[in-house]
Amino acid sequence: MNLKKVARVAHEFSHPYKITSGKDFKLKTIDPADTGKLRAEDKKKAKDALAKGIKALTIYQDMLYAQDRYSLLLVFQAMDAAGKDGAIKHVMSGINPQGCQVASFKSPTSIDLDHDFLWRCNMQLPERGRIGIFNRSYYEEVLVVKVHPEFLKGERIPASLVDKNIWKNRYKDIRNYEKYLTNNGTVILKFFLHLSKDEQKKRFLERIENPDKNWKFSANDSKERAYWDRYMDAYEETIRNTATKYAPWYVVPADNKWYTRIVVAAAVIDTLESMDLAYPKVDKEKLEELEEARKILNEE
């Protein structure tokens, strides 16, 4: 497989949605139903491209693991039913489980609340050579908590620190944290799966009407729809304040799952290709050791 060719194609899908500076970012500039140059009739073409991408990811991940220098952190954020689980499942389907780890973050526990807001995620960071996936993350602290500021009361933060600058300070803390991780060899990609309110309603109804999907639905999911506009504002502000060259956001159209998955795969492939990965080269001493082992085996 020509990995560079696959990476060039991947760049075409990922580049339009990559945000490296959020200064002038407007969420409304990206249509949740967008499918780029592809149309509904191109679904099969997209699936074929995704299959090739998954094979390329398998090779890149193997080199990442063998090289054991970098780690890759993929952060997924989205409204409910946007397809985070499906994107992770399909895009990472060819990855060796030994080289990948997934952490899903739900409501913080009492232990989590006795630590700083980055603590529980910091404990789940990928080791060198591995791909780590955060299904939700420390970004919940400037999304859900910003939409529901009453949650701050449960975080046991000194009252004097909960002031008008708390969100500004948290954005700064996140930028500094991601810079620190980058300086230590963790490459970070952040995905916001941008779902429309109408499409979310459609998917919620499917979960209610399909017995096999009932387990996916929570009454709280529909209640949060009442805060939709606040969430969109929170996402826009978050991306504006935390999109950087070293930890970019990808705002991925999510109304069409087949397109969402290929954009996510393209971003990961594009990034891995840029990391100059290669299998480790052995030195002269190691080559002599291998030759000696060959002789012993052949003499058996």
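For the structure, check the block above.
Scope of this entry: the structure provided in the associated data block. (Residues numbered from 1 in each chain as written. Predicted model: local features only at pLDDT ≥ 70, side-chain atom pairs only at ≥ 80, totals over all residues. Heavy atoms only, no water.)

1. Some points on the pairing of strand E6 (residues 249-253)
Within E6, five of the five residues are buried, which leaves it mostly tucked inside the rest of the structure. Taking every second residue as pointing to the same face, both faces of E6 are buried, with Trp 249, Val 251 and Pro 253 on one and Tyr 250 and Val 252 on the other. Here strand E5 (residues 186-194) runs beside E6; their pairing, made up of five bridges, is parallel. Paired with Phe 192 across the bridge in E6 is Val 251. (Buried < 20%, exposed > 50% of the residue type's maximum accessible area, 1.4 Å probe, protein only. Helix = DSSP H or I, 4+ residues; strand = E, 2+ residues; numbered from the N terminus. Pairing = 2+ DSSP bridges.)

2. Considering the nonpolar core
What tends to happen in soluble globular proteins is that the nonpolar side chains get buried as a cluster. By size, the foremost hydrophobic cluster in this structure holds 87 residues, and its most contacted members are Leu 74, Met 92, Tyr 138 and Phe 191. For this core, the element with the highest residue contribution is helix H11 (residues 257-274), accounting for 11 residues. (Core = buried A, V, L, I, M, F, W, Y, C linked by side-chain atoms within 4.5 Å.)

3. Side note on a positive patch on the surface
A cluster of basic residues, Lys 5, Arg 8, Lys 52 and Lys 55, forms a positive patch at the surface. Elements that contribute at least two residues to the positive patch include exactly helix H1 (3-14) and helix H2 (43-67). Mapped onto the fold, Lys 5 is located in helix H1. (Patch = residues over 30% accessible without salt bridge, like charges linked within 9 Å, V, L, I, M, F, W, Y side chains within 5 Å. Areas by Shrake-Rupley, 256 points an atom, 1.4 Å probe, with all protein chains shown as cover. Salt bridge = Lys/Arg side-chain N within 4 Å of Asp/Glu carboxyl O. Lys, Arg positive; Asp, Glu negative; His and termini not counted. Charge placed at Lys NZ, Arg CZ, Asp CG, Glu CD.)

4. Here we look at the sheet that holds E6
Strands sit in the order E1-E6-E5-E2-E4-E3 across an open sheet of six strands; the sheet is mixed. Pairing within the sheet leaves two strands with one partner each, and these edge strands are strand E1 (18-19) and strand E3 (100-104).

5. Focus on the pattern of salt bridges
A full pass over the atoms with the stated rule returns 15 salt bridges. In this structure, Asp 114 engages Arg 156 in a salt bridge whose closest nitrogen and oxygen atoms are separated by 2.8 Å. Separated by 42 residues along the polypeptide, Asp 114 in the loop between helix H4 (110-113) and helix H5 (119-122) and Arg 156 in the loop between helix H6 (144-147) and helix H7 (166-183) bring together distant segments of the chain. On the basis of relative accessibility, which here comes to 55%, the residue Asp 114 falls in the exposed class. For Arg 156, a relative accessible area of 49% corresponds to the partly exposed category. A salt bridge links Arg 170 to Glu 141; the shortest N-O distance between them is 2.7 Å. You can see Arg 170 sitting in helix H7 and its partner Glu 141 sitting in the loop between strand E4 (131-135) and H6, a full 29 residues away along the chain.

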